Amino acid sequence: MVLAMVVCANTGDLLLKLGMTQIGEVEFSAHGIADAFQQTVTSGTIWLGILFLLGFMVSYMTVLSWADYSYVMPAGAFGYAVLTLLAVVFLHERVSPARWLGVLLICVGVLLVGQTRPRTTEAVLESKVTA
Amino acid sequence: MTGTILLFACLICGSTGGEIAITYGMKSVGEPARLRPKPLLVFLGRALRSGWFWLGIPLMALSFYSLLALLSWHPVSFVIPVSALSYVVGTLGAKYILGEKVSPARWAGVILVCAGVALVAAG
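Residues numbered from 1 in each chain as written. Chains lettered and ligands numbered in written order. Predicted model: local features only at pLDDT ≥ 70, side-chain atom pairs only at ≥ 80, totals over all residues.

Q: Which residues make up the overall build of chain B, and what values go with them?
A: Along its length, chain B carries 6 helices and 0 strands. Listed N to C, the secondary structure of chain B is α-α-α-α-α-α in terms of helices and strands. Viewed in the frame of its principal axes, chain B has a C-alpha envelope of about 45 × 35 × 25 Å. Classification of the 123 residues of chain B by burial places 41% in the buried group. For chain B, the share of sequence-separated contacts (at least 6 apart) that also reach a separation of at least 24 residues comes to 77%. (Helix = DSSP H or I, 4+ residues; strand = E, 2+ residues; numbered from the N terminus. Buried ≥ 20, exposed ≤ 12 C-beta atoms within 10 Å, placed from the backbone. Contact = placed C-beta atoms within 7 Å.)

See below:
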């Protein structure tokens, strides 16, 4: 589920970026914004991006309904590592040694957090609601 | 300078506060019965009726617009490393507000992630 969260968030962002690049620079005037608005609501790429971001929100909410916030939050940072790899593989970007070190730190950090118990609070809140 | 600090405060407090409110809301809603479309829809319906969820959304919007404003003033390689502090603030919030038990291993992981995100954005 955390994986679904990261994949959805990254794919959504990339699709939005792709969609907005297709539309081109937005002219900052009433007409320009109206024009851009019309183009965004008719762009399939943008809708697909929004769909993925919605998928992210749903998986995020689902994960948080049982796992600790302090468990999910660092795990989400795994996305930065995935994004760097995607940039290297698909966009052939050059990545500096400092950035690789950052990716390494994130991976080790996420592994460390992943080994802790996902849930440390009791289901007290739920009984409060049903009571 | 004061504006920048204020915006960073809005960014970090907004995202942390918003996510903590949503976590609290989701914990009180309870997890979906099964990961199937129908139980998920029931879960979402209950989540959308939670006040905590609607407290969280504007806070996260506040943090999003602070981020946009900061990015229009400063380069990404400055804004994201500073905002990585929200991992530490968020963990403190999880510990003291949500009552989660943060073990030393988890703290170490959070610090590593925080430093890693700062390096990725600055590098």
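Q: So, the nonpolar core: which residues are in play, and what are the values?
A: Counting residues in hydrophobic clusters, the biggest one holds 50 residues, and the most contacted among them are L64, V72 and I106 of chain A together with V113 and V117 of chain B. The element that contributes the greatest number of residues to this core is helix α6 (residues 104–122) of chain B, accounting for 9 residues. A domain-level breakdown of this core finds at least three residues from each of domain 1 (1–65) and domain 2 (68–131) of chain A. For I106 of chain A, the residues in contact, after removing those within four places along its chain, are A77, F78, Y80 and A81 of chain A together with V113, G116 and V117 of chain B. (Core = buried A, V, L, I, M, F, W, Y, C linked by C-beta atoms within 7 Å. Domains from an automatic or database assignment.)

Q: Tell me about the interface of chain A and chain B, and please be specific about residues and values.
A: With 35 residues of chain A in contact, the opposing surface of chain B contributes 39 residues. Of all elements in the fold, only α3 (44–64), α4 (69–76), α5 (78–91), α6 (97–114) and α7 (124–130) of chain A reach the threshold of two or more residues within the side of chain A that touches chain B. Among the elements that make up the side of chain A that touches chain B, the one with the highest residue count is α6 of chain A (12 residues).

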